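# Summary of structural features
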Amino acid sequence: MMKSKWVALVLALSIVINLLLTGFVIGQSSKPRLAGDPTRMFPRWVHTLPEPRQQELRPLVREQLQVMRPPIREMRQQHRTLQAAIGAEPFDAAALAAALTQLRQHHLQVQQLSHDAFVAFVGQLTPAERQELVEDLRAPKPRTWHRPHPPQ
């Protein structure tokens, strides 16, 4: 008798937990997704621009992000191909060299797209904003990491 009460209690508790989790998942999936701030990919000084100016530049940034997305995905795939070539048994040096060549060529294309996007972005800045960018680029950057030398 006591055992059946425990089984019923555990079953009821399990149903409650499952209903709560199901409700949470449904609630999360029905929320609108925020795209975030597209200017986060640009230097930190962009965030110092007045909000109206940031709003003016956001459409250009969104367009540039949409253009960059497919090449970046392709680069990730090429990294996986490279990793597979490195870990292949038996090791095939020619396959690794080919994967590196393909990755290098694609990296150059992505870099060119990135440079074109940056030129278009800077072209939309006012002379004063461009001067701020120049000053930011000249400023020494604090090191974010430092590996101390091991004791000898």
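All figures in this text were calculated on a predicted structure; none of them were measured in a lab. (Residues numbered from 1 in each chain as written. Predicted model: local features only at pLDDT ≥ 70, side-chain atom pairs only at ≥ 80, totals over all residues. Heavy atoms only, no water.)

### What to know about the pattern of salt bridges
Stated precisely, the cut-off is as follows: Should a side-chain nitrogen of Lys or Arg be within 4 Å of a carboxyl oxygen of Asp or Glu, the pair is scored as a salt bridge. Burial classification: accessible surface area is computed with a 1.4 Å probe over protein chains only, and a residue below 20% of its type maximum counts as buried, one above 50% as exposed, and the rest as partly exposed. Secondary structure is summarised from DSSP: a helix means a run of H or I of at least four residues, a strand means a run of E of at least two, and numbering begins at the N terminus for each.
As enumerated under the stated definition, the model contains four salt bridges in all. Across the pair Arg58 and Glu51 runs a salt bridge whose closest N-O atoms are separated by 3.0 Å. Taking the relative accessible area as the measure of exposure, Arg58 reaches 12% and is therefore buried. The residue Arg53 makes a salt bridge to Glu129 at a minimum N-O spacing of 2.9 Å. Here Arg53, found in helix α2 (residues 51-87), pairs with Glu129, found in helix α4 (residues 127-138); they are 76 residues apart in sequence, far enough to count as distant. The exposure class assigned to Arg53 is buried, which follows from its relative accessible area of 14%. Look at Glu129 and you get buried, because its relative accessible area is 7%. The network of salt bridges with common partners includes Arg53, Glu56 and Glu129.

### Remarks on the environment of Ala97
Its place among the elements puts Ala97 in helix α3 (residues 93-123). Judged by its relative accessible area of 39%, Ala97 is partly exposed. In this structure, the C-alpha to C-alpha distance between Ala97 and Ala85, residues 12 residues apart in sequence, is 8.9 Å.

### Let's talk about α4
Quick note on the threshold: Here the expected span of a helix is defined as 1.5 Å times the quantity of residues minus one. Read the arc as the range of directions from the helix axis to the C-beta atoms. Pairs of residues are marked as contacts when any of their non-hydrogen atoms sit within 4.5 Å.
The end-to-end C-alpha separation of α4 is 17 Å, in line with the 16 Å expected for 12 residues at 1.5 Å each. When we look at burial in α4, the residues that qualify are Glu129, Leu133 and Asp136. Across the axial projection of α4, the buried residues extend over an arc of 60°, all falling on one side. Exposed side chains of α4 directed beyond 90 degrees from the buried face belong to Pro127 and Arg138. Among the structural elements, α2 and α3 are those in contact with the buried residues of α4.

### Overview of the side chain of Gln54
As for its placement among the helices and strands, Gln54 is situated in helix α2. When its relative accessible area of 6% is taken as the criterion, Gln54 is described as buried.

### Some thoughts on α2
In an α-helix, one turn spans 3.6 residues, which is why side chains three or four residues apart end up on the same side. What counts, and what does not: Here the bend at each residue means the angle between axes fitted to two seven-residue stretches, the one ending at that residue and the one beginning there.
A bend of about 35° at Leu57 is the largest found in α2, and the proline Pro59 appears one to four places after it. Turning to α2, its buried residues number three or more, namely Arg53, Gln54, Leu57, Arg58, Val61, Gln64, Met68, Pro71, Met75, Gln78, Leu82 and Ala85. Looking at the buried side of α2, the elements it contacts are α3 and α4.

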